[in-house]
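Chain and residue survey
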Amino acid sequence: MEITKAIIPVAGKGTRFLPATKETPKEMLPILNIPMIQYVVEEAVDSGIKEIIFVTSSGKESIENYFDINKELEVFLKNVGKEELYKQINKIGLLVSVQTVRQKEQLGLGHAVLMGKSFINKGESFAVLLGDDIIINSNPVTKQLVEVSKKYNNSSVIGVMNVPKEKTSKYGIVAGKEVADKTLHMEKMVEKPKPEDAPTTLATPGRYILNQEIFAILEEIPRGAGGEYQLTDAINLLAQRGEVYAYEFEGKRYDTGSLEGYLSATIDFALEREDLKDFAKEYIINKAKEL
Ligand code: G1P
């Protein structure tokens, strides 16, 4: 069975980006002129996803509007002869089919993913992408995970990366037995362990392929770290009862949920873009001389 649906939780308050997030969802903050969420949605679409389920909260309406057609703007751009911009805007509206479901209380990532339950059929696998991370690679990360899932009988697969030991308490950390290059058969997953308690330094930045059976587990788990319903705890149980794999993906990852990661992505993306790279390079070199 093909993996064609992705759940993207976007209900968070975005406190690290206040005051900008007082009235604007953090997912809509742009890196250059593209909202952060678009990079994540494009990763999903380039990985074969046809339907996105956004788990939202109040004040997040602009995200679903963004991925809809804006006829008025399109007509305006055509009338003023801005053909290229028209095409760009039209393409965003047609990119993917969008569904939304409200998470009325923010009770954790596990609770957010559970809100997507009714959109996923029995036996179906789906992707989960967290919007705080942008991961760039010519073969999109979610696609890499889909390929691993297919290889192992449509099992659940968690994307992981190596992090410095002192950073384990920021992530879900996995441990398991290596079964192929960069691939682990998962034995356990722990949410945000202290460095001294972390079984490994393999952390997930929020890229998952999960089977529909995760929902029954999400309904059963108690609150975990931070008093929240943790997706990590459900995946840990799933690994005890069935097959879960972890895959060390290839790609450059930006933690765009932090100001440092946001700044790094902004600089790198400008240096990559044909229309900006010469300006960006010259500006950075000149600025560095002043420092
Ligand atoms: C969540 C997950 C954690 C994961 C992280 C990636 O935590 O609970 O397992 O490693 O996202 O960003 P949060 O950062 O939302 O606290």
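See above for the structure.
Residues numbered from 1 in each chain as written. Predicted model: local features only at pLDDT ≥ 70, side-chain atom pairs only at ≥ 80, totals over all residues. Heavy atoms only, no water.

**What about the overall build of the protein chain?**
Basically, it comes down to this: Here a helix means four or more residues in a row that DSSP labels H or I, a strand means two or more in a row labelled E, and each is numbered from the N terminus. Radius of gyration here is computed from C-alpha atoms only, and the compact-globule reference equals 2.2 Å multiplied by the residue count raised to the power 0.38. Only protein chains enter the accessibility calculation, which uses a 1.4 Å probe. A residue is then buried if its area is under 20% of the maximum for its type, exposed if over 50%, and partly exposed in between. The method behind every accessible area is Shrake-Rupley, applied with a 1.4 Å probe, and residues are considered shielded solely by the protein chains displayed. Charge counting follows a simple rule: Lys and Arg are positive, Asp and Glu are negative, and His as well as the terminal groups are ignored. Here the site of a charge means NZ on Lys, CZ on Arg, CG on Asp, or CD on Glu.
Along the backbone of the protein chain there are ten helices and 14 strands. In terms of overall size, the protein chain behaves like a compact globule, its C-alpha atoms giving a radius of gyration of 20 Å where 291 residues would be expected to give roughly 19 Å. Along the longest, intermediate and shortest principal axes, the C-alpha atoms of the protein chain span 60 × 50 × 35 Å. Looking at the protein chain as a whole, 48% of its 291 residues qualify as buried. Surface exposure of the protein chain reaches about 14,900 Å², of which carbon and sulfur atoms provide 51%. For the protein chain, the distance from the average site of its 37 positive side-chain charges to the average site of its 43 negative ones is 1 Å.

**Considerations on helix α1 (residues 36–45)**
In an α-helix, one full turn covers 3.6 residues, which means residues spaced three or four apart are oriented alike. In terms of burial, α1 is a largely internal element, eight of the ten residues being buried. By the burial criterion, the buried members of α1 are Met-36, Ile-37, Gln-38, Tyr-39, Val-40, Val-41, Glu-43 and Ala-44.

**Here's the deal with the site of the ligand**
Just so we agree on the cut-off: Proximity is defined per residue: any heavy atom of the residue falling within 4 Å of a molecule or strand makes that residue near it. What qualifies as a polar contact is a pair of N or O atoms within 3.5 Å, subject to a donor-acceptor requirement within protein and to the restriction that residues adjacent in sequence count only when both atoms come from side chains. The nonpolar class holds Ala, Val, Leu, Ile, Met, Phe, Trp, Tyr, Cys and Pro. Asp, Glu, Lys and Arg form the charged class, and all remaining residues, Gly among them, are polar.
What surrounds the ligand is the set Leu-109, Leu-130, Asp-133, Tyr-171, Gly-172, Glu-191, Lys-192, Thr-204, Pro-205, Gly-206, Gln-230 and Thr-232. Contact distances for the ligand include 2.9 Å between an oxygen atom and a backbone N or O atom of Gly-172. Between Thr-232 and the ligand, the recorded distance is 3.3 Å, taken from a side-chain N or O atom to an oxygen atom. In the complex, the protein chains occlude 75% of the 380 Å² of accessible area that the ligand would expose alone. Its residues placed into classes, the shell around the ligand shows four nonpolar, five polar and three charged.

**Observations concerning the pairing of strand β1 (residues 5–9)**
The criterion, for reference: Here the rule is simple: two strands pair whenever DSSP picks up at least two bridges between them.
Counting buried residues along β1, five of its five residues qualify, which places the element largely inside the surrounding structure. Burial of β1 is two-sided: the residues Lys-5, Ile-7 and Pro-9 facing one way and the residues Ala-6 and Ile-8 facing the other way are all buried. Here β1 pairs with strand β4 (residues 51–56) via five bridges, running parallel. Bridged to Pro-9 within β4 is Val-55. Pairing of β1 with strand β6 (residues 125–129) involves two bridges; the strand directions are parallel. Within β6, the position partnered with Ala-6 by the bridge is Ala-127.

**What about the packing of helix α9 (residues 259–272) against helix α10 (residues 277–290)?**
Defined as follows: Note on geometry: axes are C-alpha line fits, over the in-contact stretch for helices, and angles between N-to-C directions span 0 to 180 degrees. In what follows, roughly perpendicular refers to angles from 65 to 115 degrees, roughly parallel to angles under 35, roughly antiparallel to angles over 145, and oblique to any angle outside these ranges. What makes two residues a contact is simply this: any of their non-hydrogen atoms within 4.5 Å.
Following both chains from N to C, one finds α9 and α10 inclined at 125 degrees, their axes separated by 6 Å at the closest point. Taken together, the axis directions place α9 and α10 in an arrangement best described as oblique. Here Ile-267, Ala-270 and Leu-271 of α9 lie close against α10, whose contacting residues are Lys-277, Ala-280, Lys-281 and Ile-284. By residue class, the composition of the contact of α9 with α10 is five nonpolar, no polar and two charged.

**Remarks on the nonpolar core**
To keep things clear, this is the line we draw: Throughout, nonpolar core names a set of buried Ala, Val, Leu, Ile, Met, Phe, Trp, Tyr and Cys residues whose side chains join them through atoms within 4.5 Å.
Grouped together as the largest cluster of nonpolar side chains are 46 residues, with contacts concentrated most on Ile-8, Ile-31, Ile-37, Val-41, Ile-52 and Phe-54. Core analysis: the next-biggest nonpolar cluster, separate from the first, contains 33 residues, Val-55, Val-174, Leu-202 and Ala-246 among them.

**Overview of the packing of helix α3 (residues 71–79) against helix α4 (residues 83–94)**
Selection criterion: Helix crossings are classified by the rotation of the near helix relative to the far one: an anticlockwise turn of less than a right angle makes the crossing left-handed, while a clockwise turn makes it right-handed.
Contact geometry of α3 with α4 gives a least axis separation of 8 Å together with a crossing angle of 160 degrees. Relative to α4, the element α3 is oriented roughly antiparallel. Here α3 and α4 pass one another in a crossing that is left-handed. Touching Leu-73, Glu-74, Leu-77 and Lys-78 of α3 are Glu-83, Leu-85, Tyr-86, Ile-89 and Asn-90, all from α4. The residue makeup of the contact of α3 with α4, split by class, is five nonpolar, one polar and three charged.

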